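# A look at the structure
What follows is each chain in one-letter form.
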Amino acid sequence: TQTMRWYEWSLKVLGVKLAIRQGKFDEALAMADDLARTPGVPPGEAIQADLAACEALVASNRIADAEPRIESCEARLDPRTAPADWGEFQRIRGAVHERSGQSSDAYHDFAQSVNVFELLGDRYQAALSQLALGRLSAATRAVGAERHLEQAEATFRVLRAERDLEEVARARAHLDTDAVAQPA
């Protein structure tokens, strides 16, 4: 049935995301590519697979490979019909911009991603985007880093997302180190 296919598809996409979290970037990319090329895959699911592939490419620092793929996703995405995919796209494109040294474009994408997920009521995804904003702000010494990290931390604490709380702590340590290193 169609429901079973959706369920199986969702499990496979989660498998890709788990492989990324475990640092198995090549495995995640291969799985995502396989999903995107599955015969008869609906366009929305193909975009999700391509977004996951982009995420794996960014995580493995293969930005030159991620750029054309994320552009391909943008051309196929309609934010009105797939707002959650659009929010994820913006966060991933923000990461591509960040790694390409385009901080202001990255900030804009991360902020838009936060807005989309807040409008959708998806607190976890909004917190992931807040974390990305906090990390970027800390790295560029922009105002607001602590505020973004606090917002992400509050949500992760309520959701008991321990691994994400560790990410916030690492970003905050970077922020604290930079503050100490700056002359008074």
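## Notes on the overall build of the chain
If you tally the helices and strands in the chain, you get nine helices and zero strands. Ordering the α and β elements of the chain from the N terminus gives α-α-α-α-α-α-α-α-α. Radius of gyration (C-alpha) of the chain: 17 Å, near the 16 Å computed for a compact globule of 184 residues. Its C-alpha atoms give the chain principal-axis dimensions of roughly 65 × 35 × 30 Å. In the chain, which comprises 184 residues, the proportion classed as buried is 43%.

## Overview of the pattern of salt bridges
One pass over the full model with this rule turns up 16 salt bridges. One salt bridge connects Asp65 with Arg62, and the closest N-O pair in it is separated by 3.1 Å. Overall, the relative accessible area of 39% leaves Asp65 in the partly exposed class. Take Arg62: its relative accessible area is 32%, and that puts it in the partly exposed class. We note a salt bridge from Glu146 to Arg172, for which the minimum N-O separation is 2.8 Å. Placement of Glu146 in helix 8 (residues 145-159) and of Arg172 in helix 9 (residues 162-181) is noted, with a sequence separation of 26 residues between them. Relative accessible area serves as the criterion here: at 17%, Arg172 is assigned to the buried category.

## Let's talk about helix 4 (residues 63-76)
Along its 14 residues, helix 4 runs 20 Å from first to last C-alpha, staying within 8% of the 20 Å computed at 1.5 Å per residue. Those residues of helix 4 not exposed but buried are Ile63, Ala66, Arg69, Ile70 and Cys73. Projected down its long axis, helix 4 carries its buried residues within an arc of 125 degrees, all on one side. Turned more than 90 degrees off the buried face of helix 4, the exposed positions are Ala64, Glu71 and Ala75. As for helix 4, its buried residues are in contact with helix 2 (25-36), helix 3 (43-59) and helix 5 (83-99).

## Regarding the side chain of Gln130
Considering the arrangement of structural elements, one finds Gln130 in helix 7 (residues 123-139). The buried category is assigned to Gln130, whose relative accessible area is 7%. Reaching out from Gln130, the side chain makes a polar contact with the side chain of Gln151 at a distance of 2.7 Å. With residues near it in sequence (within four places) discarded, Gln130 still touches Val114, Glu118, His148, Gln151 and Ala152.

## Here we look at the confidence of the model for the chain
Predicted confidence across the chain gives a mean pLDDT of 89, with 93% of residues reaching 70 or more. When the criterion is pLDDT under 50, residues 180-184 qualifies, and its contacts beyond four places in sequence or with other chains add up to one contact.

## Details of the packing of helix 3 against helix 5
If you want to describe how two helices pack, look at the angle between their axes and the distance between the axes. Between helix 3 and helix 5, the shortest axis-to-axis distance is 10 Å and the interhelical angle comes to 25 degrees. It follows from the interaxial angle that helix 3 and helix 5 lie roughly parallel. Crossing angle aside, the handedness with which helix 3 passes helix 5 is left-handed. Along the contact surface, helix 3 presents Gly44, Gln48, Leu51, Cys54, Glu55 and Val58, while helix 5 presents Asp85, Glu88, Phe89, Ile92, Ala95, Val96 and Arg99. In terms of residue class, the contact of helix 3 with helix 5 is built from seven nonpolar, two polar and four charged.

## Topic: a nonpolar patch on the surface
Nonpolar side chains collect at one region of the surface, where Tyr7, Leu11 and Leu14 lie side by side and expose about 310 Å² of accessible area between them. When you line up the elements, Leu14 lands in helix 1 (residues 2-21). Under the relative-accessibility criterion, Leu14 is labelled exposed at 52%.

Criteria and thresholds
- Residues numbered from 1 in each chain as written.
- Predicted model: local features only at pLDDT ≥ 70, side-chain atom pairs only at ≥ 80, totals over all residues.
- Heavy atoms only, no water.
- Helix = DSSP H or I, 4+ residues; strand = E, 2+ residues; numbered from the N terminus.
- Rg over C-alpha atoms; globule rule 2.2 N^0.38 Å.
- Buried < 20%, exposed > 50% of the residue type's maximum accessible area, 1.4 Å probe, protein only.
- Salt bridge = Lys/Arg side-chain N within 4 Å of Asp/Glu carboxyl O.
- Expected span 1.5 Å × (residues − 1).
- Arc of directions from axis to C-beta.
- Contact = heavy atoms within 4.5 Å.
- Polar contact = N/O pair within 3.5 Å; in protein donor to acceptor, adjacent residues only side chain to side chain.
- pLDDT = per-residue confidence, 0-100.
- Axes fitted to C-alpha atoms, helices over the stretch in contact; angles between N-to-C directions.
- Parallel < 35°, antiparallel > 145°, perpendicular 65-115°, else oblique.
- Left-handed = near helix turned anticlockwise from the far one by under 90°.
- Nonpolar A, V, L, I, M, F, W, Y, C, P; charged D, E, K, R; others polar.
- Patch = residues over 30% accessible without salt bridge, like charges linked within 9 Å, V, L, I, M, F, W, Y side chains within 5 Å.
- Areas by Shrake-Rupley, 256 points an atom, 1.4 Å probe, with all protein chains shown as cover.

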